[in-house]
Number of protein chains: 2
Amino acid sequence: MENKLAINSPYQMDFSALVKVEAPATVANMVCGFDVLGFAVNEPFDKMQIRFKETPGITIINDDEYNLPTDPEKNVAGAALLAMMEELPSNIGFELTIQKQIKPGSGVGSSAASSAGAVAAANRLLHNYFSKEDLVRFAMNGEKLASGVKHADNIAPCIYGGVTLIRSIFPLDIVALTAPPLFVTIVHPQIEVKTSDARSILQQKVLLKDAIRQWGNIAGLVAGLLQADYALIGRSLEDVLIEPVRSILIPGFDQVKQQSKEAGALGGGISGSGPSIFMLSETHATAKKVEELMQQIYDGLGLDHHTYVTTINHSGVRFVDSLITEQTPS
Amino acid sequence: MENKLAINSPYQMDFSALVKVEAPATVANMVCGFDVLGFAVNEPFDKMQIRFKETPGITIINDDEYNLPTDPEKNVAGAALLAMMEELPSNIGFELTIQKQIKPGSGVGSSAASSAGAVAAANRLLHNYFSKEDLVRFAMNGEKLASGVKHADNIAPCIYGGVTLIRSIFPLDIVALTAPPLFVTIVHPQIEVKTSDARSILQQKVLLKDAIRQWGNIAGLVAGLLQADYALIGRSLEDVLIEPVRSILIPGFDQVKQQSKEAGALGGGISGSGPSIFMLSETHATAKKVEELMQQIYDGLGLDHHTYVTTINHSGVRFVDSLITEQTPS
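These numbers come from a predicted model, not from an experiment.

1. Notes on the overall build of chain A
Part 1 of the argument: Scanning chain A for helices and strands turns up 10 helices and 12 strands.
Part 2 of the argument: In terms of its C-alpha atoms, chain A occupies a principal-axis envelope of roughly 60 × 40 × 35 Å.
Part 3 of the argument: Taking all 330 residues of chain A together, 54% fall into the buried category.
Part 4 of the argument: For chain A, contacts bridging at least 24 residues in sequence account for 73% of all contacts bridging at least 6.

2. Points about unusual backbone geometry
Part 1 of the argument: For the bond running from A:Phe170 to A:Pro171, omega is 0 degrees, close enough to zero to count as cis.
Part 2 of the argument: Tracing the backbone through its elements, the reader meets A:Pro171 in the loop between strand S5 (163–168) and strand S6 (173–177).
Part 3 of the argument: The amide bond that connects A:Gly274 to the next residue, A:Pro275, takes the cis arrangement and shows omega of 5 degrees.
Part 4 of the argument: Summarising the element assignment, A:Pro275 is placed in the loop between strand S9 (267–270) and strand S10 (277–281).
Part 5 of the argument: We note that A:His127 has phi near 55 degrees; this positive angle belongs to a residue other than glycine.
Part 6 of the argument: Positionally, A:His127 belongs in the loop between helix H2 (110–125) and helix H3 (132–147).
Part 7 of the argument: One non-glycine residue, B:Ala228, adopts positive backbone phi at about 55 degrees.
Part 8 of the argument: As for its position among the elements, B:Ala228 is in the loop between helix H6 (208–226) and helix H7 (230–236).

3. What to know about the pairing of strand S2 (residues 37–52) of chain B
Residue and element names in this part refer to chain B.
Part 1 of the argument: The buried count for S2 comes to 13 of 16 residues, which makes it a mostly enclosed element.
Part 2 of the argument: Taken together, the eight bridges between strand S1 (residues 18–27) and S2 define a ladder with antiparallel strand orientation. Across the sheet, the residue bridging to Glu22 is Lys47, located in S2.
Part 3 of the argument: Of the pairings in the sheet, the one linking S2 to strand S5 (residues 163–168) comprises three bridges and is antiparallel in character. Considered in S5, the bridge of Gly38 is made with Thr164.
Part 4 of the argument: Where S2 meets strand S4 (residues 93–99), six bridges bridge the pair, whose relative direction is antiparallel. Across the sheet, the residue bridging to Met48 is Ile98, located in S4.

4. Let's talk about the sheet that holds strand S7 (residues 183–189) of chain B
Residues and elements named next belong to chain B.
Part 1 of the argument: Strand order in this open sheet of four strands is S9-S10-S7-S11, and the pairing throughout is antiparallel. Each edge of the open sheet is held by one strand with a lone partner, namely strand S9 (267–270) and strand S11 (305–311). Each adjacent strand pair in this sheet contributes to an overall mean axis angle of 15 degrees, direction not counted.
Part 2 of the argument: In this sheet, strand S10 (residues 277–281) lies alongside S9 in antiparallel orientation, the contact comprising four bridges. Residue pairing in the sheet places Gly269 in a bridge with Phe278 of S10.
Part 3 of the argument: The sheet strands contacting helix H10 (residues 284–301) are S7, S10 and S11, and the helix crosses S7 at an angle near 10 degrees.

5. Let's talk about the sheet that holds S9(A)
Residue and element names in this part refer to chain A.
Part 1 of the argument: Reading across from one edge, S9-S10-S7-S11 is the order of the four strands in this open sheet, with antiparallel pairing throughout. Of all the strands in the sheet, just S9 and strand S11 (305–311) have a single pairing partner and so form its edges. Each adjacent strand pair in this sheet contributes to an overall mean axis angle of 15 degrees, direction not counted.

6. Details of the relation of the copies chain A and chain B
Part 1 of the argument: If you rotate chain A by 180 degrees and push it 0.0 Å along the axis, it lands on chain B with an RMSD of 0.0 Å. Put plainly, the chains are arranged around a two-fold axis.
Part 2 of the argument: Counting the interface residues of chain A, we find that 100% of their copies in chain B are interface residues as well, pointing to one common contact surface.

7. Here we look at the domain arrangement of chain A
Residue and element names in this part refer to chain A.
Part 1 of the argument: Here chain A is partitioned into domain 1 (18–177 + 314–323) and domain 2 (183–311).
Part 2 of the argument: For domain 1 and domain 2, the distance between their C-alpha centroids amounts to 24 Å.
Part 3 of the argument: Contact residues are listed per partner, giving 22 residues for domain 1 and 33 residues for domain 2.
Part 4 of the argument: For the side of domain 1 that touches domain 2, the element with the most residues is strand S2 (residues 37–52), which contributes five residues.

8. Considerations on the nonpolar core
Part 1 of the argument: Counting 214 residues, the largest nonpolar core has A:Ala116 and B:Ala116 as the members making the most contacts within it.
Part 2 of the argument: Apart from residues lying up to four places away in sequence, A:Ala116 is in contact with A:Ala23, A:Leu135, A:Ala139, A:Ile155, A:Cys158, A:Ile159 and A:Val317.

9. Digging into the packing of helix H2 (residues 110–125) of chain B against helix H3 (residues 132–147) of chain B
All names here are of chain B.
Part 1 of the argument: Two numbers describe how H2 lies on H3: the axes approach to 8 Å, and their chain directions differ by 145 degrees. As for how H2 packs across H3, the hand of that crossing is right-handed. Residues Ser111, Ala112, Ser114, Ser115, Ala116, Val119, Ala120 and Asn123 of H2 touch H3, and the partners they reach there are Leu135, Phe138, Ala139, Gly142, Glu143 and Ala146.
Part 2 of the argument: Residues that form the contact of H2 with H3 fall into these classes: eight nonpolar, five polar and one charged.

Rules of the game
Residues numbered from 1 in each chain as written. Chains lettered and ligands numbered in written order. Predicted model: local features only at pLDDT ≥ 70, side-chain atom pairs only at ≥ 80, totals over all residues. Helix = DSSP H or I, 4+ residues; strand = E, 2+ residues; numbered from the N terminus. Buried ≥ 20, exposed ≤ 12 C-beta atoms within 10 Å, placed from the backbone. Contact = placed C-beta atoms within 7 Å. Pairing = 2+ DSSP bridges. Axes fitted to C-alpha atoms, helices over the stretch in contact; angles between N-to-C directions. Least-squares fit on C-alpha atoms with pLDDT ≥ 70 in both. Domains from an automatic or database assignment. Core = buried A, V, L, I, M, F, W, Y, C linked by C-beta atoms within 7 Å. Left-handed = near helix turned anticlockwise from the far one by under 90°. Nonpolar A, V, L, I, M, F, W, Y, C, P; charged D, E, K, R; others polar.

Take a look at the structure:
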């Protein structure tokens, strides 16, 4: 670290610098890719901005309606920044302003967007001192605070963009996968599914024959994405292990899935641990049809809901209006 | 069928036609791709030739030392041809000569080579009346005769060449995967491992966390193959479920694997259900080094063995010296 950038003087903390980012929502547990495959979407996203502050430590300002903690140790973005600061000189201070637009608990990576957005923004202030893999490592501390588990399947696509594979978590091995253009329809029915409940409902053991079917499908899905084979993607979007258990927590799930496929969607499933559901389509027209039927289904069930029709975000955290003076490290 | 090619007259059975093929050995259960990923190699291979005969039915001539059954219902090539003939007019007759070079029971797809080679050769006589997928379907009957299970993970690479994914067996869904140049070292220690024993030793249930690790690895392996990323291929060649159980049936396995990786091999594992072991390398020099250490290990253990240094066969069953008069179907 000493040889790269010694951030140890007020001079190198440019107090006029300001970084604004948009940190995208992400879909983890991509059907057969439970715990390992996730992707970023272009909407919704959180807005965040960060600057150095004169005193060491972290100040968090919430510019939204969610009343999230401002104590850095209790805020997922704070936890991620704290992990980053352990690898920086002790005189560094950050002021982070968060304008959350991804509703917490919706299952589309709200905590990951906060954690990943914060460290990606801070890293820009630090002239990209850290690698993307470092950023994932730091942001995973936010996930640990949120759910008790250091998982990376939302964090990685938020940082890298596109579809990412977490081949292994210890040691961390992230594989960025190319994907053809895909339209994503998301419905967030306003019910609560706790990640801890969604975890505890799963069996610790599964049938080997089901596991084989699952890894045949994930292999097909990866091949379909890399070869831009929409039909193969569609055939591979099958989860015989997790979805049958978890989908019972989400009213309307079976209807949404069946009708979406009848309307031409390639397939989809539970986003993260729910309650949001996502569907992939080859065309915008199909994705809009899917949105309509989702709305009809949840109107029929009398459940409040939000829907999004969006596309895969290939860049990850976006930098907007950054005021940074590029400087050569001394 | 009637509209494509009505093979119902002696005229269309060209008794002077002769098709000679080489049907390659194959490696199934490609490490983390248990039951779904396999690949074909250029050596060893079986030699076969087929011609129409004047009387209906199948005549099998064995031109080798193995004393395999000549009754078509008891011979894997016969079983495959019989399945094909159920979709042909009843007056068809084939004479098949088999010169087996892949030792039965070695774990490199000996039965698959016979079954796949026979139907591929017959299909050439029939002016490619059937699709490759049809051929896999027929040849699986040979596998059923050999092992009691209609599996396709040797048959598919033998027919298609390269690395193939059996995403699903019912319905059959075969995905041909591109792969970068790879050298393959195979050692066949002369011990018997019965497929039925290798199957019965497996637990019916596995830990979900192990299954997740396995599908992270197969996803990484497919991405590594399609993106020609040798390092990723190497990292992904890990099997936490099957190999730890089955490798105890193969003396020397751990030594072969460890020393091969130390010598620079990307990785490898049990071929099929054993006893053969395969290792993948990026260069011919490494593959040769791996062969030497395999020989040293089995010499040290006092076990007879054969080794092969070969490459991935990208064409599947090869057609050599075919005497066919191309004719337009009447």
